[in-house]
Amino acid sequence: MPLLPALQDVSGPTGRAASREAVRFGALSLSYGRLAAASDALAGRVAGAGRVAVWATPTAETVVAVVAALRAGVPAVPVNPRTGARELAHIVADSAPSVVLAGAADVLPAALAGLERLDVDTAAAAPAAAFPEPSPDSPALVVYTSGTTGPPKGAILPRRAIAASLDALEDAWRWTGDDVLVHALPLFHVHGLVLGVLGPLRRGGSVRHLGRFSVEGVTGELLSGGTMLFGVPTMYHRLAEALADPAGSPGLTEALAGARLLVSGSAALPVRDHERIAAATGRRVIERYGMTETLMNTGVRADGEARPGTVGPPLRGVGLRLVEEDGTVLEDPAAIGEIQVRGPNLFTGYLNRPDATAAALTEDGWFRTGDMATLDADGYVRIVGRKATDLIKSGGYKIGAGEIENALLDHPGVREAAVTGEPDTDLGERIVAWVVAAEPGSPPSAEDLAAHVTGLLAPHKRPRTVRYLDALPRNDLGKIMKRALGR
Ligand code: MCA
Ligand code: AMP
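Residues numbered from 1 in each chain as written. Chains lettered and ligands numbered in written order. Predicted model: local features only at pLDDT ≥ 70, side-chain atom pairs only at ≥ 80, totals over all residues. Heavy atoms only, no water.

### Some details on the overall build of the protein
Across its full length, the protein holds 13 helices and 24 strands. Over its C-alpha atoms the protein spans a radius of gyration of 22 Å, differing by no more than 12% from the 23 Å that the globule rule assigns to 487 residues. With the C-alpha coordinates of the protein rotated into their principal frame, the extents come out at 70 × 55 × 55 Å. Burial statistics for the protein: of 487 residues in total, 57% are counted as buried. Sequence separation of 24 or more characterises 65% of the internal contacts of the protein that already satisfy a separation of 6 or more. Approximately 18900 Å² of the protein is accessible, and the part contributed by carbon and sulfur atoms is 54%. Of the charged side chains in the protein, 48 are positive and 54 negative; the average position of the first set lies 2 Å away from that of the second. (Helix = DSSP H or I, 4+ residues; strand = E, 2+ residues; numbered from the N terminus. Rg over C-alpha atoms; globule rule 2.2 N^0.38 Å. Buried < 20%, exposed > 50% of the residue type's maximum accessible area, 1.4 Å probe, protein only. Contact = heavy atoms within 4.5 Å. Areas by Shrake-Rupley, 256 points an atom, 1.4 Å probe, with all protein chains shown as cover. Lys, Arg positive; Asp, Glu negative; His and termini not counted. Charge placed at Lys NZ, Arg CZ, Asp CG, Glu CD.)

### Focus on the site of ligand 1
Looking at ligand 1, there are 25 residues lining it, with Arg82, Arg212, Ser266, Arg288 and Gly395 nearest. Within the backbone of Gly290, one N or O atom sits 3.4 Å away from an oxygen atom of ligand 1. Gly395 places a polar main-chain atom, nitrogen or oxygen, 2.8 Å from a nitrogen atom of ligand 1. Compared with its free state, where it exposes 1100 Å², ligand 1 has 73% of that area covered by protein. Broken down by secondary-structure element, the contributors of at least two residues to the shell around ligand 1 are helix H6 (190–203), helix H8 (233–243) and strand E13 (286–291). (Near = heavy atom within 4 Å. Polar contact = N/O pair within 3.5 Å; in protein donor to acceptor, adjacent residues only side chain to side chain.)

### Brief notes about H6
Turn by turn, an α-helix covers 3.6 residues, leaving residues three or four places apart pointing in a common direction. The terminal C-alpha atoms of H6 lie 17 Å apart, and with 14 residues this falls more than 12% below the ideal 20 Å at 1.5 Å per residue. Of all 14 residues that make up H6, 14 are buried, and the element is covered over most of its length. At the C-terminal side of H6, Gly204 shows a positive phi close to 80 degrees. (Expected span 1.5 Å × (residues − 1).)

### Some remarks on the site of ligand 2
The environment of ligand 2 is formed by 15 residues, the closest being Arg288, Thr292, Asp371, Lys393 and Lys398. A distance of 3.2 Å separates a nitrogen atom of ligand 2 from a polar atom in the backbone of Ser266. One of the side-chain N or O atoms of Thr292 is found 2.6 Å from an oxygen atom in ligand 2. Burial of ligand 2 by the protein chains amounts to 92% of its free accessible area of 500 Å². Element by element, the count of residues in the shell around ligand 2 is highest for E13, at five residues. Tallied by class, the residues present in the shell around ligand 2 amount to six nonpolar, four polar and five charged. (Nonpolar A, V, L, I, M, F, W, Y, C, P; charged D, E, K, R; others polar.)

### Here we look at the packing of H8 against helix H10 (residues 271–281)
One way to put it is that H8 packs onto H10 with a least axis distance of 9 Å and a crossing angle of 45 degrees. By the angle class used here, H8 and H10 are oblique. Considering how the two elements wind past one another, H8 and H10 form a crossing that is left-handed. Of the residues in H10, those touching H8 at Tyr236, His237, Ala240, Glu241 and Leu243 are Asp273, Arg276, Ile277, Ala280 and Thr281. Tallied by class, the residues present in the contact of H8 with H10 amount to five nonpolar, two polar and three charged. (Axes fitted to C-alpha atoms, helices over the stretch in contact; angles between N-to-C directions. Parallel < 35°, antiparallel > 145°, perpendicular 65-115°, else oblique. Left-handed = near helix turned anticlockwise from the far one by under 90°.)

### Comments concerning the side chain of Arg203
The topology assignment puts Arg203 in helix H6. The class for Arg203 is buried, based on a relative accessible area of 12%. Among the polar contacts made by the side chain of Arg203, one reaches the main-chain carbonyl oxygen of Leu166 at a distance of 3.4 Å. Reaching out from Arg203, the side chain makes a polar contact with the side chain of Glu170 at a distance of 3.4 Å. Setting aside residues no more than four positions away along its own chain, Arg203 makes contact with Met1, Leu166, Asp167, Glu170, Trp175, Thr176 and Gly177.

### Looking at the environment of Glu216
Position of Glu216 relative to the elements: it lies in helix H7 (residues 215–223). Taking the relative accessible area as the measure of exposure, Glu216 reaches 55% and is therefore exposed. For the pair Glu216 and Val419, spaced 203 residues apart in sequence, the C-alpha separation works out to 35 Å.

### Quick word on the pairing of strand E4 (residues 76–79)
Residues Ala76 and Pro78 point to one face of E4 and Val77 and Val79 to the other, with burial holding for every one of them. Sheet topology places strand E3 (residues 52–55) next to E4; four bridges connect them, and they run parallel. Looking across to E4, one finds that Ala53 is bridged to Val77. Taken together, E3, helix H3 (residues 60–72) and E4 form a β-α-β motif whose crossover is right-handed. (Pairing = 2+ DSSP bridges. Right-handed = clockwise from strand over helix to strand, strands pointing away.)

### Observations concerning the environment of Gly421
Assignment of secondary structure puts Gly421 in strand E22 (residues 414–424). On a C-alpha basis, the gap between Gly421 and Thr389 in space is 8.4 Å, while along the polypeptide they are 32 residues apart.

### Some thoughts on the sheet that holds strand E15 (residues 319–323)
Pairing between the strands of a sheet comes from backbone hydrogen bonds, and it takes one of two forms, parallel or antiparallel. A sheet is described by the order of its strands in space; here four strands give the open sequence E15-E16-E18-E19, paired in antiparallel fashion. Each of the sheet's edge strands pairs with one partner strand only, and the pair in question is E15 and strand E19 (381–386). Direction aside, neighbouring strands of the sheet carry axes that sit 45 degrees apart on average. As paired strands, strand E16 (residues 337–342) and strand E18 (residues 367–375) are joined by four bridges and run antiparallel to one another.

### Quick notes on the packing of helix H2 (residues 32–46) against H3
Their axes nearest at 8 Å, the elements H2 and H3 cross at an angle of 60 degrees. By the criterion of interaxial angle, the relationship of H2 to H3 is oblique. Crossing of H2 against H3: the hand is right-handed. Residue-level contacts link Leu35, Ala38, Ser39, Asp40, Leu42, Ala43 and Val46 of H2 to Val63, Val64, Ala65, Val67, Ala68, Ala69, Arg71 and Ala72 of H3. For the contact of H2 with H3, the class distribution of residues is 12 nonpolar, one polar and two charged.

### Concerning the packing of aromatic side chains
Tallied over the full model, the rule gives six aromatic pairs. Ring geometry for Phe347 and Phe367: centres 5.5 Å apart, planes at 90 degrees, overall edge-to-face. Of this pair, Phe347 sits in the loop between E16 and strand E17 (349–350) while Phe367 sits in strand E18; the two residues are 20 residues apart in sequence, bridging distant segments of the chain. Considered together, Phe347 and Phe367 belong to a single accessibility category, that of buried residues. (Phe/Tyr/Trp six-rings, centres within 6.5 Å; stacked < 30°, edge-to-face > 60°.)

So, in structure tokens, the structure goes:
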């Protein structure tokens, strides 16, 4: 089966009728026929390119660009349009795209100026070209994801992983072409792009993207035909807050109560928000657990029990085990161990990083997630923490403390810096920078440091709190003792 069967043959027996809506962004709606035509027209132009960068704004242009690359069998590298100069330079140098795909009105930064630019036209008509389906093992996407230290790594996702993971979700959630997915997730990560766009397109269903998250937007789309909502816990927290103030959000209770599935992922959904939404709407949010490198590993089934604090059992085809520090597989499911996963949903490796790929996988192909968990008696996975304290999840984004520390140290007013995550009711974790100023009498302001990090890396990596110290706590070997920083 091709990766996107509904686009292969828009009017044939396997495809949806050409006039059926595929994607909607605000007032712009693309039918399957239009999406197939626009993406095939672009596919003809990118065919043969080594890799293409996609300027991944939350727009229909991004969908056309990614689908075109998939049709042409050219790996796409989705780029956060808010990426700062240093991170963008790294992504461009590392992934070496030959072309960048962007909307005609998009202004691209200097780091992309050396690439051929192709403007995406959502109204383009395709020449009648047939694209052979590429091999399942060929790379479809390269998605950049942060580690504890160093710049982000490009996870190579083959077509088979995307197909396997989306089909496992079809099985778990009874996801069909009749579903209308609503979300407001960014289109440069797995959650928003693979689950949130390729998911509906693989099923022949539709997606309505809000452009940016708002309680009113979610309410409106769910009340006008949306059947499923995907979001990160920060979004569900904001919905729970709005529910607590019914006068301020008319229709929200009915909207959430009427949805077929409310799904949360990318970080742990606080039990309190889960319970608040359940109490107000009678609906329980279900959680699924995944990673950029593994796509989806576990998920509560549509007909399963949405137990707060758990991410459900392994999805179809996914092997999951808990291991001790020394690699011993745990026999006692109630004991805490690191989650390892294996299956067709896995990436093939990090681009240009055989060292990191080898470190992430065991000899027999299990991926070391770094997530710590226990198992309930019926196999439900309960994530209890992370191995690395230097990884922060803020708003559902994974952020490495090391990359922020390096950026802070490049500020002339900073002599020493350490970054930690602190609990935050809205973001899950909040980035906190601990700074020793070069001139203690005139330290750089918190706003200045946030703008500095935003300019080099990305806005979601900026410190939300800055604390000034005379010296960082260090052990006898000179290593910063982050635990002494109040983590
Ligand atoms: C703020 N802004 C700035 C600055 N400060 N811009 C420039 N310079 C600055 N110094 C802008 C932001 O870009 C944004 O603009 C607005 O101000 C608010 O920013 P921020 O405070 O960061 O937004 P927020 O309110 O904290 O956002 C919450 C959020 C967001 C909407 C929940 O965190 C989000 O979209 N999270 C989703 C993360 C995600 O998809 N993760 C998936 C990866 P504007 O408002 O215009 O944008 S995990 C994954 O894929 C795995 C497989 C999985 O399991 O899912
Ligand atoms: P990323 O590298 O951005 O793909 O983030 C993957 C990480 O997000 C995982 O390793 C987990 O730590 C976390 N994660 C994703 N989904 C969940 C969930 N439902 N509950 C808890 N953590 C999650």
